[in-house]
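Structure assessment
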Amino acid sequence: MAQATTSTPVLGTPHRWRVAAGSTVGTTIENYDFIGYGTAAALYFGTAFFPDADPLTGTLLSFATLGVGFAARPIGGIIGGYLGDKIGRKPVLIASLLIMGLATFAIGILPTYATVGVAAPILLVVTRIIQGLAFGAEWGGAILMTYEHAPWRRKGAFGALPQAGFPLGLLLANLAFFASAGLPDDWKWRTPFLLSALLVFAGLYIRLKVEESPEFEEIKEEGKIEKNPLLSVLRSDWQNLLRAFCMRIAETAGYAIAITYMSSYLKSNQLADPSQTILAIVIAALVGFPATLFWGWLTDRIGRKPVYVFGTTMILLSGIPLFLIANTGVFPLIVAVFVFSFAICQNSLAGTQASWFPELFNTGTRSSGASLAYQLSAVVSGFTAFWAVSLFQAFGWMGPAVLFSFYGLVGLIAAVLTPETNGRRRREADDAAEVEAKRELVGA
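Worth saying up front: this structure is predicted, and the values here are computed from it rather than measured.

All right, on to the overall build of the protein chain then. When helices and strands are counted, the protein chain shows 19 helices and zero strands. A compact globule built from 444 residues should have a C-alpha radius of gyration of about 22 Å, and the protein chain, at 21 Å, falls within 12% of that. Considering only C-alpha atoms, the protein chain reaches an extent of 70 × 40 × 40 Å along its principal axes. Across the 444 residues of the protein chain, 58% fall into the buried class. By sequence separation, contacts in the protein chain at least 24 residues apart represent 88% of the contacts at least 6 residues apart. With the model as given, the accessible surface of the protein chain reaches about 16,500 Å², and the carbon-plus-sulfur share is 70%.

Okay, structure coming up:
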């Protein structure tokens with residue numbers, strides 16, 4: 001995508017920081033809600049909703065409900081992406097946050113198996129599906145609103161802000177579970193879900209004040225809105241869709257093993273208790289927030305592809321070493337496992353996706369294309385923890401370790417085959433345009 005053709009001013013819109021803040025707050029809340037479920041599934045849901053099963057089966061069933069939410073995300077991505085290209089990015093942002101908040105609060109008040117029997121896991125699955133739909137619709141709007149308001153030369157840095165909502169959401173969710181660990185009975189897991197209502201109200205207030213994307217407004221005024229953006233992407237941009245899908249798998253499925261499954265692995269093998277695991281994740285999230293911002297900034301300086309190739313290579317090479325280190329049961333080393341896999345492997349990819357993925361698609365189909373590629377991969381990642389448990393039963397820790405490296409290989413191949421959108425010539429042209437724009441601003 002040539003920056004010279006965009007309707008966004010060289011230095012960004014006057015509302016760029018407000019839009020970035022609104023998107024970041026919203027993605028933080030959405031990730032708090034969605035990730036909190038993963039923590040509860042790993043530590044509590046096996047006994048709360050599947051008590052008649054043996055511990056292994058209970059864990060598998062709990063992770064299966066986790067996967068259902070991920071499976072619903074592509075549907076949410078299709079709906080949200082389509083509406084984002086047809087009616088605008090802002091309405092999708094508001095609706096997705098509201099729906100996610102209601103579903104998460106509902107999980108906090110669900111009856112358990114001991115109360116209503118088999119109806120309990122059924123209700124859990126329904127609310128998880130609703131969470132998945134809302135989360136799937138969220139990402140495209142938040143990223144594109146920020147990206148399309150941002151300065152030409154800082155698209156990567158600005159795009160990384162809502163992506164940093166992931167480690168922030170992870171941090172808040174695990175702090176909530178860490179703080180509630182001493183509460184009696186089911187309140188250990190209910191309290192974090194109920195607290196999300198406060199965050200949702202704050203997020204809605206901010207998002208209602210966010211301005212619509214200037215690039216969407218331009219194509220709307222010119223009457224260039226795609227009749228069916230989804231079909232246009234599938235017909236014309238299927239190669240970029242496939243590349244982005246494979247690149248995203250490395251990040252999201254890698255997270256499912258290194259964070260979600262690893263939490264359960266440490267507990268079941270008595271390598272760390274739940275409180276230690278949550279604390280380790282909290283530390284990783286603290287590091288992950290500035291790390292995501294750094295990786296986004298770096299893509300503006302050296303390009304999108306080099307950062308992604310580095311991150312996927314780290315995933316490819318570190319599968320077995322990470323599990324060997326975790327198997328020591330030494331808490332500082334376990335912390336190092338979480339920090340490396342999150343801040344280096346996962347965050348380097350997440351910080352790059354926010355700018356690289358939108359740049360692979362035209363403005364009129366960008367919401368559909370980026371959202372679909374991003375959320376389709378969630379089907380794979382959603383069931384990765386389930387597969388990791390099964391592989392562990394067959395091959396021991398080597399099974400999930402190799403699976404982690406395999407995801408890195410898939411992402412690496414896709415990154416190498418994807419065109420660079422922020423190469424040296426473009427960076428130089430954008431630098432020159434920025435200098436000229438600042439000179440004109442001073443002269444005015």
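Right, picking up where we left off after that structure.
The next thing to look at is the packing of helix α8 (residues 165-180) against helix α13 (residues 274-302). Relative orientation of the contacting elements α8 and α13 amounts to 155 degrees, with a least axis distance of 8 Å. Classified by the angle between their axes, α8 and α13 sit roughly antiparallel to one another. Taken as a pair, α8 and α13 cross one another with a handedness that is left-handed. Of the residues in α13, those touching α8 at P167, L168, L170, L171, N174, L175, F177 and F178 are S275, I278, L279, I281, V282, A285, L286, G288, F289 and T292.

Moving on, we come to the pattern of salt bridges. Applying the stated criterion across every chain, the model contains 11 salt bridges. One salt bridge connects R304 with D300, and the closest N-O pair in it is separated by 3.0 Å. Each member of the pair, R304 as well as D300, carries the same accessibility label: buried. Here R426 makes a salt bridge to D430, at a shortest N to O gap of 3.5 Å. In this pair, R426 and D430 both sit in helix α19 (residues 424-443), four residues apart, roughly one turn of the helix. For the pair R426 and D430, a shared accessibility class is recorded, and that class is buried. Via salt bridges that share partners, D300, R304, E359, R426 and D430 belong to a single interconnected network.

Let's shift gears to a nonpolar patch on the surface. Together, I75, I78, I79, L83 and I87 make up a nonpolar patch on the protein surface, roughly 410 Å² of accessible area in all. Checked against the element boundaries, I78 lands in helix α3 (residues 55-86). Its relative accessible area of 34% is what places I78 among the partly exposed residues.

As a further point, take the nonpolar core. By size, the foremost hydrophobic cluster in this structure holds 79 residues, and its most contacted members are F45, F49, W189, L266, F338 and F357. For this core, the leading source of residues is helix α12 (residues 238-268), giving 15 residues. Excluding residues within four positions of it along the chain, F357 makes contact with W139, A244, M247, R248, Y308, A370 and Y374. In this structure, F34, A134, F135 and A378 belong to the second largest nonpolar core, which totals six residues.

On to α8, then. The end-to-end C-alpha separation of α8 is 22 Å, in line with the 22 Å expected for 16 residues at 1.5 Å each. Turning to α8, its buried residues number three or more, namely G165, F166, P167, G169, L170, L171, A173, N174, A176, F177 and S180. Along its buried surface, α8 packs onto α1 (16-43), α7 (155-163), α9 (187-207), α12, α13 and α15 (331-359).

About the cut-offs
- Residues numbered from 1 in each chain as written.
- Predicted model: local features only at pLDDT ≥ 70, side-chain atom pairs only at ≥ 80, totals over all residues.
- Heavy atoms only, no water.
- Helix = DSSP H or I, 4+ residues; strand = E, 2+ residues; numbered from the N terminus.
- Rg over C-alpha atoms; globule rule 2.2 N^0.38 Å.
- Buried < 20%, exposed > 50% of the residue type's maximum accessible area, 1.4 Å probe, protein only.
- Contact = heavy atoms within 4.5 Å.
- Areas by Shrake-Rupley, 256 points an atom, 1.4 Å probe, with all protein chains shown as cover.
- Axes fitted to C-alpha atoms, helices over the stretch in contact; angles between N-to-C directions.
- Parallel < 35°, antiparallel > 145°, perpendicular 65-115°, else oblique.
- Left-handed = near helix turned anticlockwise from the far one by under 90°.
- Salt bridge = Lys/Arg side-chain N within 4 Å of Asp/Glu carboxyl O.
- Patch = residues over 30% accessible without salt bridge, like charges linked within 9 Å, V, L, I, M, F, W, Y side chains within 5 Å.
- Core = buried A, V, L, I, M, F, W, Y, C linked by side-chain atoms within 4.5 Å.
- Expected span 1.5 Å × (residues − 1).

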